[in-house]
Each structure stands twice: as structure tokens, then as C-alpha cells.
Amino acid sequence: MGPQTGTALCKHTLLWFVVAASQCVLAQGCGPHYEYAIEEFCLAKFRLDMQELDQGHWCSWDDTVELYGDLTNCTYLVALKMECFWPNRLVDEFFIRVHKHYFHDCSLSGRLLRDPPNRILGPFIVVPILVTLLMTGLVVWRSKRSEGIM
């Protein structure tokens, strides 16, 4: 039982070594070649699509969701073809660069910042003005009526 256990342990260790080495090779293979591929294939198309879109609409999620989804899918498909893990460190760095370039002025919600409609904004402007005028009139009226004040 002793020699067979040693042989099994050696085979088990060798199997783990082969698996670990293959994973390291895959991780190493996703270096400059993968980065070049996503820059040339995915980012090039995304740049063209974003140039067609007016820069004022870059922060509108409705306008960019499809383009952004295509970019994400492209990085995934390239990783799949090159037998790389996805997502990985290079993809994270790639998307950080994309966000810094295209979406740096956008709000966290992803929506364009704009004034609310007048039917909502109007009461917030009119009510404080009316309350101020009413309170001023009340103070003046009470100051003219001196009876009853001690």
C-alpha cells in the first residue's frame, strides 16, 4: 500500500502542476497580444461609433447602451478566441481608459443632467416668493395695528 500511495500522490502532484502551468501559460498569453487585439478590433469600432454620435449624447445611456454592449461583447469574444479568462486585469484597465476618455464628464446615474419640466420647477420657484410676500405683508399689517400689543 505504501508504494502505490506514493505513486498516486506523485501522479496527483504532477496533474496539479500541469494544470497550474497551463493556467499560467494562458494568463501569460493574454498579455500584449490580447491587449493589441481589443485595441485594434473592439476599440476601433467603438471609436467610429462614438464619432458618429454627437458628443453631447455621450452621457445618455439610451444612446450609448448598445455601443457599450457591443464593446463589452467584443472584448469577451476576443478573449474566448484567444483562450483568455474574461474578465481579466487587461479588460479592467481597458474599460477604465474608455471611461476616462468618453465618460469622464457623465453623472454617476448615467443620465444627462437637465432642468426638470416647468410644471415641476414652477411651484418650487413661485411658492417661496408668495410666502415671502405674504410674511412681509403680515409683518407690515401687524406693525400698523398697535392696539392689542403690550
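A brief look at the structure comes next.

Definitions and limits used
- Residues numbered from 1 in each chain as written.
- Predicted model: local features only at pLDDT ≥ 70, side-chain atom pairs only at ≥ 80, totals over all residues.
- Heavy atoms only, no water.
- Helix = DSSP H or I, 4+ residues; strand = E, 2+ residues; numbered from the N terminus.
- Buried < 20%, exposed > 50% of the residue type's maximum accessible area, 1.4 Å probe, protein only.
- Polar contact = N/O pair within 3.5 Å; in protein donor to acceptor, adjacent residues only side chain to side chain.
- Salt bridge = Lys/Arg side-chain N within 4 Å of Asp/Glu carboxyl O.

Attention now moves to the side chain of Asn 88. Along the polypeptide, Asn 88 turns up in the loop between α3 (61–81) and α4 (89–102). Judged by its relative accessible area of 14%, Asn 88 is buried. Here the side chain of Asn 88 touches Val 91 through a polar contact of 2.9 Å, landing on its backbone nitrogen.

Taken as a whole and judged by the stated rule, the model has four salt bridges. As a salt-bridge pair, Asp 49 and Lys 45 come within 2.8 Å of each other at their nearest N and O atoms. Highlighted residues: Asp 49 and Lys 45, both in helix α2 (residues 32–52), separated by four residues, approximately one helical turn. By relative accessible area, Lys 45 is classed as partly exposed at 44%. One salt bridge in this structure joins Arg 89 and Glu 93, with 3.1 Å as the shortest N-O distance. Here Glu 93 and Arg 89 lie together in helix α4, a separation of four residues that amounts to about one turn. Accessibility expressed as a relative area gives 56% for Arg 89, which makes it exposed.

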